[in-house]
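Each chain is listed here by its residues.
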Amino acid sequence: MSTLLLSHPASLEHVTPPGHPERVARYQAITQALSDPAFDGLIRKEAPMGDRAEVLRCHPEDYVARIEAAIPAEGYRSLDADTHVSPGSLESAMRAVGGNCAAVDAVLAGKAGNAFTAMRPPGHHAETATAMGFCLFGSVAIAAKRALDHHGLGRVAVIDFDVHHGNGTQDLLWSEGRALFASSHQMPLYPGSGAAHETGAHDNVLNAPLDPMTGSAQMRAAYDQVILPAVRDWQPELILISAGFDAHADDPLANLNWTTEDFAWVTRRICETADAVCDGRVVSTLEGGYDLGALAEGTAAHVQVLMEVAG
Ligand SMILES: [Zn+2]
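These remarks concern the structure in this document. Just so we're clear, the structure is a prediction, and the values are computed from it rather than from any experiment. (Residues numbered from 1 in each chain as written. Predicted model: local features only at pLDDT ≥ 70, side-chain atom pairs only at ≥ 80, totals over all residues. Heavy atoms only, no water.)

Details of the coordination of the zinc ion
- Taken together, the protein ligands of the zinc ion are D162 (OD), D162 (OD), H164 (ND1) and D246 (OD), with distances of 2.0 to 2.8 Å.
- Coordination at the zinc ion is irregular: its four donor atoms span angles of 52 to 154° at the metal.
- Donor residues for the zinc ion sit on one chain with the sequence pattern D-x1-H-x81-D.
- Using a relative accessible area of 1% as the deciding quantity, one classes D162 as buried.
- The exposure class of H164 is buried, given its relative accessible area of 7%. (Donors = N, O, S within 2.8 Å, 3.2 Å for Na, K, Ca; no water. Tetrahedral: all angles 85-135°; square planar, octahedral: opposite > 155°, others 65-115°. Buried < 20%, exposed > 50% of the residue type's maximum accessible area, 1.4 Å probe, protein only.)

As structure tokens, this is what we get:
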């Protein structure tokens, strides 16, 4: 089976103020990287608009209405110090949700071995009723809920290797006893959550904070000794990934010093775990990554591994 890539040029219309790291050029860098002939084997589909009802599995109606009402007719509007919306932001965010949900549908239907949704804005900082950290809707948690509530899976796992803690995903899945949320992230760093003692309402949250400047060794140990054994024990029927590429040494927002090869390594390890527990079913979604070169290389390495293991 092949790897499904979901994307949509609506991501070019979520425009952030000049100098903002989460910018249109990120989507362009990824699109260019994945246009290489090495990626000809991808099944490419446009990310569909997300269904409002899917968003409502994770966010209350008044929050969604507040985001919709915040969209300006022109220019930008700030939701907090670093989260902004422009006229195209709602469609872009809803297609990020829709892409993730379509990825879940395709992988669970056996139409693709695994999938990657390359959309922005990212989602893993969006809490139940709070937009933050460049994020509007918790796309990966929404996709996890679709797998559980719409497809009837009994157990899923979300693995988040973005350099920042996925506080939003943790918040949205905190009381969801069918979902394991496992995260590696630099600590201390924005948003400040993600300590090891945060374990969820059902012992379903696993945080593996990493020290600044530690590079490959500490992160590989965390995955091999803590995160992946816990995921195996969880026995998920689907593994979702929050794939951020801001742990790279070149990223301006953090200092974990991962290499491009580390992103390939962690992807391969996650896919091996998925092979062992859920027939290799993996749905991955783009989160952060703010050095354009590192983002392009990391994404390419990630998708290359997904393609290799999908066969
Ligand atoms: Zn990040």
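Here's the deal with the packing of helix 7 (residues 215-234) against helix 8 (residues 260-278)
- At their nearest, the axes of helix 7 and helix 8 sit 11 Å apart, and the two run at 15° to each other. Relative to helix 8, the element helix 7 lies roughly parallel. Handedness of the helix 7/helix 8 crossing: right-handed. Note on element contacts: helix 8 touches helix 7 through E261, D262, W265, V266, R269, I270, T273 and V277, opposite S216, M219, R220, Y223, D224, L228, V231 and R232.
- Tallied by class, residues from the contact of helix 7 with helix 8 come to eight nonpolar, two polar and six charged. (Axes fitted to C-alpha atoms, helices over the stretch in contact; angles between N-to-C directions. Helix = DSSP H or I, 4+ residues; strand = E, 2+ residues; numbered from the N terminus. Parallel < 35°, antiparallel > 145°, perpendicular 65-115°, else oblique. Left-handed = near helix turned anticlockwise from the far one by under 90°. Contact = heavy atoms within 4.5 Å. Nonpolar A, V, L, I, M, F, W, Y, C, P; charged D, E, K, R; others polar.)

Overview of the sheet that holds strand 6 (residues 156-160)
- Taken in spatial order, the eight strands of this open sheet run 2-1-5-10-9-6-7-8, and their pairing is parallel. What marks the edges here is a single partner per strand, and that holds for strand 2 (43-46) and strand 8 (205-210). Pairs of neighbouring strands in the sheet enclose a mean axial angle of 15°, with direction left out of account.
- Pairing geometry for strand 1 (residues 3-7) and strand 2, over four bridges, is parallel. Note that in strand 2 the partner of S7 across the bridge is E46. (Pairing = 2+ DSSP bridges.)

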